[in-house]
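Structural description and commentary
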Amino acid sequence: MSTMEPLILVHGGAGRLRYDGKRRAARQAALDQIAQTGYEMLKHGNSALDTVVEVVRLLEDNPLFNAGYGAALGLTGEVEMDAAVMTDEGRFGAVAAIKNVKNPVLVARKVMEETDHILLVGEGAIKFARIMGFGEFDPVTDERRKMFSEQRVDYFRRNWEKFRHLYGGDTVGAVAIDCHGKVAVAASTGGIMFHLPGRVGDTPLIGCGIYASSLGACAATGHGECIAINMVAKTVVDMLSETNPQTAADKVISKLKLKNCNCGVIVVSRDGDYGVAYNTPYMGWTVMPKLRDSVLKD
Ligand code: GLY
């Protein structure tokens, strides 16, 4: 029996405003459309887990985002991707530095459901994906290849820290509460452009890029290293025992700003409330149904 009004929040990454208005509008339209798909799934009784995984899969398939097809290239010109999924029962699965698969989030779910492990990395993750039936796929788009070629030389002349902050965005994530009051979270990313081979960001680290518990679920986006060090997603979710999601999100994001940690979060609480906050110039996000957009910054 349905007891809850379902809700879904989706983000397309926190970062700088480096896109023209047309591209930004296209990304927002994609987020809105995909969130609508997720909301329809929830309304038809699908679980929060099925919904967030499907929503992130759709975002991975969209080359406008830095996840799956269209993910950012690392220092060697290859794409290494991270993805994770978690439910409010404490079930977690993730892949890190995985290459040549179309949908890392689906592999992450298989890690959660088919193994006794929580995280597979690199070659082990690729092998596991093949065993699970995921074929070879090249996620490099012409646009990402062009960006890489144009900016690589410049990159080596720049300050590493400055550069990393410039390219920390576009991760995708979703949190949802279903008709039964269950919550789940999923996220996927190509990581930071020009990252070192083998680099793992916050996304596949439990409690860092994503977290869920009986209190709610959170997905973080932004500069992976500082998000991980500050265990952002778990910090936000734990605060839900004392405060509402918007206050939790605001408090954590403000503290991170003082630490120069570029970050954004989306969070849903078990009672169906939600929060969104970011300290970057821009974060694409959307919520369905549209409940209280007016009180949030755009
Ligand atoms: N937040 C994504 C990453 O840094 O890998």
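The preceding data block contains the structure.
Now for a look at the structure at hand. (Residues numbered from 1 in each chain as written. Predicted model: local features only at pLDDT ≥ 70, side-chain atom pairs only at ≥ 80, totals over all residues. Heavy atoms only, no water.)

Points about the sheet that holds strand 4 (residues 119–121)
Rule in force here: One requirement defines pairing of two strands: DSSP has to find at least two bridges between them. Under the DSSP-based scheme used, a helix requires at least four consecutive residues in state H or I and a strand at least two consecutive residues in state E, with every element numbered from the N terminus. Orientation is described by axes fitted as lines to C-alpha atoms, over the contacting stretch for helices, and by angles from 0 to 180 degrees between their N-to-C directions. In what follows, a contact means two residues having at least one pair of non-hydrogen atoms within 4.5 Å.
Taken in spatial order, the seven strands line up as 4-3-2-6-5-1-11 in an open sheet, and their pairing is mixed. The open sheet terminates on both sides in strands that have one partner only, identified here as strand 4 and strand 11 (282–288). Between one strand axis and the next, the sheet turns by 10 degrees as a mean value, whatever way the strands run. The sheet contacts of helix 1 (residues 21–43) involve strand 1 (7–15), strand 5 (172–177) and strand 11, and relative to strand 11 the element is tilted by about 30 degrees. Lying on the sheet, helix 2 (residues 48–61) is in contact with strand 1, strand 2 (81–87), strand 5 and strand 6 (183–189); it crosses strand 6 at an angle near 20 degrees.

Regarding the sheet that holds strand 9 (residues 263–269)
Spatially, four strands are ordered 7-8-9-10 in an open sheet, and the strand pairing comes out antiparallel. On the outer flanks of this sheet lie strand 7 (210–213) and strand 10 (274–278), each paired with one strand and no other. Going from strand to strand, the sheet's axes swing by 10 degrees on average, the running direction of each strand aside. Bridge count for strand 9 against strand 10 is five bridges, and the pairing is antiparallel. Directly across from I266, in strand 10, lies its bridge partner V276. Together, strand 9 and strand 10 form the strand contacts of helix 9 (residues 245–258), whose direction differs from that of strand 10 by roughly 15 degrees.

Concerning the packing of helix 3 (residues 104–114) against helix 4 (residues 122–131)
Each pair of packed helices gets described by two things: the angle between the helix axes and the distance between those axes. What counts is decided by this rule: When describing relative orientation, an angle under 35 degrees is termed roughly parallel and one over 145 degrees roughly antiparallel, while 65 to 115 degrees is termed roughly perpendicular and anything else oblique. Nonpolar residues are Ala, Val, Leu, Ile, Met, Phe, Trp, Tyr, Cys and Pro. Charged residues are Asp, Glu, Lys and Arg, and all others, Gly as well, are polar.
Put simply, helix 3 and helix 4 touch, their axes get as near as 10 Å, and they point 80 degrees apart. Between helix 3 and helix 4, the crossing angle belongs to the class labelled roughly perpendicular. Between helix 3 and helix 4, the contacting residues are V107, K110, V111 and E114 on the first element and A125, F128 and A129 on the second. Considered class by class, the residues forming the contact of helix 3 with helix 4 number five nonpolar, no polar and two charged.

Considerations on the side chain of S213
Inclusion rule: Only protein chains enter the accessibility calculation, which uses a 1.4 Å probe; a residue is then buried when its area is under 20% of its type maximum, exposed when over 50%, and partly exposed in between.
By the element assignment, S213 lies in strand 7. Under the relative-accessibility criterion, S213 is labelled buried at 13%. Excluding residues within four positions of it along the chain, S213 makes contact with D88, V183 and V237.

A short note on the site of the ligand
Here is the rule we go by: Note on terminology: near, applied to a residue and a molecule or strand, indicates that one of the residue's heavy atoms is within 4 Å of it. Here a polar contact is taken to be a pair of N or O atoms separated by no more than 3.5 Å, where protein atoms must pair a possible hydrogen donor with a possible acceptor and residues adjacent in sequence count only if both atoms sit in side chains. Only the protein chains shown count as cover for residues, with accessible areas throughout obtained via the Shrake-Rupley method and a probe of 1.4 Å.
Residues in close proximity to the ligand include T171, T189, G191, I192, R199, G201, D202, T203, G222 and G224, which together make up its full environment. At 2.8 Å from a nitrogen atom of the ligand is found a main-chain nitrogen or oxygen belonging to G222. Backbone polar atom of G224 to an oxygen atom of the ligand: 2.9 Å apart, as the coordinates give it. Here the ligand, which alone exposes 200 Å², has 99% of that area covered by the protein.

Observations concerning the pairing of strand 9
Among the seven residues in strand 9, seven count as buried, and that is most of the element. Because side chains alternate across strand 9, one face comprises the buried residues C263, V265, V267 and S269, and the other comprises G264, I266 and V268, equally buried. Bridge analysis of strand 8 (residues 216–222) against strand 9 gives seven bridges, and the strand direction is antiparallel. Within strand 9, the residue paired with A220 across the bridge is V265. Counted along the chain from strand 9 to the antiparallel partner strand 10, the turn is four residues long, and its residue G272 has a positive phi close to 90 degrees.

Topic: the pairing of strand 10
Burial analysis of strand 10 places five of its five residues in the buried class, which makes it a mostly covered element. Of the two faces of strand 10, both are covered, the one formed by Y274, V276 and Y278 as well as the one formed by G275 and A277.

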